[in-house]
Amino acid sequence: MTDDEVICILREKEDEKEVKEQAGVSREVIDGGWGWCVVAACFLCNMVNDGIGYSFGVVLEPMRADLDVGVGSISLVGSVLTGVTMLTGPLAAAFVNRFGSRKTCIVGSIISSAAIFVSSFSTSFISLLITYGFLLGFGLGF
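These numbers come from a predicted model, not from an experiment. (Residues numbered from 1 in each chain as written. Predicted model: local features only at pLDDT ≥ 70, side-chain atom pairs only at ≥ 80, totals over all residues. Heavy atoms only, no water.)

*Asks:* Any chance you could explain the layout of surface pockets here in plain terms?
*Replies:* Any empty space left between atoms is shown by rolling a water-sized probe over those atoms. Put simply, the largest pocket is a space of about 740 Å³. If you go around the largest pocket, you meet 29 residues; those closest to its centre are A41, C45, N46, N49 and C105. Among the elements of the structure, α2 (34-54), α4 (71-87), α6 (101-119) and α7 (125-141) are those that each provide at least two residues to the lining of the largest pocket. For the lining of the largest pocket, the element with the highest residue contribution is α2, accounting for 13 residues. Here the residues of the lining of the largest pocket sort into 15 nonpolar, 12 polar and 2 charged. (1 Å grid on protein atoms, 1.4 Å probe; cavity = no way out; pocket = protein on both sides within 12 Å on 5 of 7 lines; lining within 4 Å. Points joined across faces, edges and corners; volume = space filled by probe spheres on them. Helix = DSSP H or I, 4+ residues; strand = E, 2+ residues; numbered from the N terminus. Nonpolar A, V, L, I, M, F, W, Y, C, P; charged D, E, K, R; others polar.)

As structure tokens, this is what we get:
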């Protein structure tokens with residue numbers, strides 16, 4: 001490549017840059033890349049929520065054996081968890097509109113953490129249904 005060709009290519013690049021600037025197109029990141037941190041945090045949050053909510057079958061047999069109840073009874077806990085999570089959506093939307101998404105997410109994570117911690121000490125089916133089914137479902141819905 002000759003020097004003239006290199007200069008021609010550089011001028012074309014500068015012209016393209018000027019055209020983009022005049023058209024209002026820029027490659028500058030407006031938020032400094034913070035948006036990717038938000039995307040990563042949302043991904044991790046959804047991974048935990050869906051991991052807890054939709055992998056109940058993995059812990060079904062150990063819970064059944066530990067509480068000495070039938071498969072149908074212990075499956076009710078997972079069903080209630082999923083149902084309460086989905087039914088909490090409208091309430092969570094009202095909280096987001098009123099208090100903002102950050103505070104709502106923090107409240108939901110505190111409720112979820114407390115519920116899953118307390119459910120680890122459950123010694124009866126009813127206590128597991130209340131803590132893991134209803135409370136955890138309520139927290140994950142936020």
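*Asks:* Would you explain the pattern of salt bridges in this entry?
*Replies:* A complete count under the given rule lists 1 salt bridge for this structure. Notably, a salt bridge pairs R64 with E61, separated by 2.8 Å at the nearest N-O pair. Taken together, the positions of R64 and E61, both in helix α3 (residues 56-67) and 3 residues apart, correspond to about one turn of that helix. According to the relative accessible area criterion, E61 is partly exposed, its value standing at 41%. (Salt bridge = Lys/Arg side-chain N within 4 Å of Asp/Glu carboxyl O. Buried < 20%, exposed > 50% of the residue type's maximum accessible area, 1.4 Å probe, protein only.)

*Asks:* For this particular structure, what's the right way to read α3?
*Replies:* One full turn of an α-helix is made of 3.6 residues, so residues set three or four places apart face in the same direction. A rise of 1.5 Å per residue sets the reference length of α3, with its 12 residues, at 16 Å; its end C-alpha atoms lie 15 Å apart and thus fit the reference within 8%. Residues F56, L60, M63 and L67 constitute the buried set of α3. Along the axis of α3, the buried residues cluster in a sector spanning 90°; they form a single face. Away from its buried face, by an angle of more than 90 degrees, α3 presents the exposed residues V58 and P62. Trailing α3 by a residue or two, D68 shows a phi angle of about 55°, which is positive. (Expected span 1.5 Å × (residues − 1). Arc of directions from axis to C-beta.)

*Asks:* Can you walk me through the confidence of the model for the chain in this structure?
*Replies:* Parts of the prediction with low pLDDT should not have their coordinates interpreted in detail. Looking at the chain as a whole, its pLDDT mean stands at 86, while 88% of the residues score no less than 70. Across the chain, helix α5 (residues 89-99) holds the top mean pLDDT of 94, while helix α1 (residues 3-23) sits lowest at 70. (pLDDT = per-residue confidence, 0-100.)

*Asks:* Explanation requested: a negative patch on the surface in the structure shown.
*Replies:* Residues E12, E14, D15 and E16 make up a contiguous surface patch of negative charge. By the secondary structure assignment, E12 is in helix α1. Classification of E12 as partly exposed rests on a relative accessible area of 43%. (Patch = residues over 30% accessible without salt bridge, like charges linked within 9 Å, V, L, I, M, F, W, Y side chains within 5 Å. Areas by Shrake-Rupley, 256 points an atom, 1.4 Å probe, with all protein chains shown as cover. Lys, Arg positive; Asp, Glu negative; His and termini not counted. Charge placed at Lys NZ, Arg CZ, Asp CG, Glu CD.)

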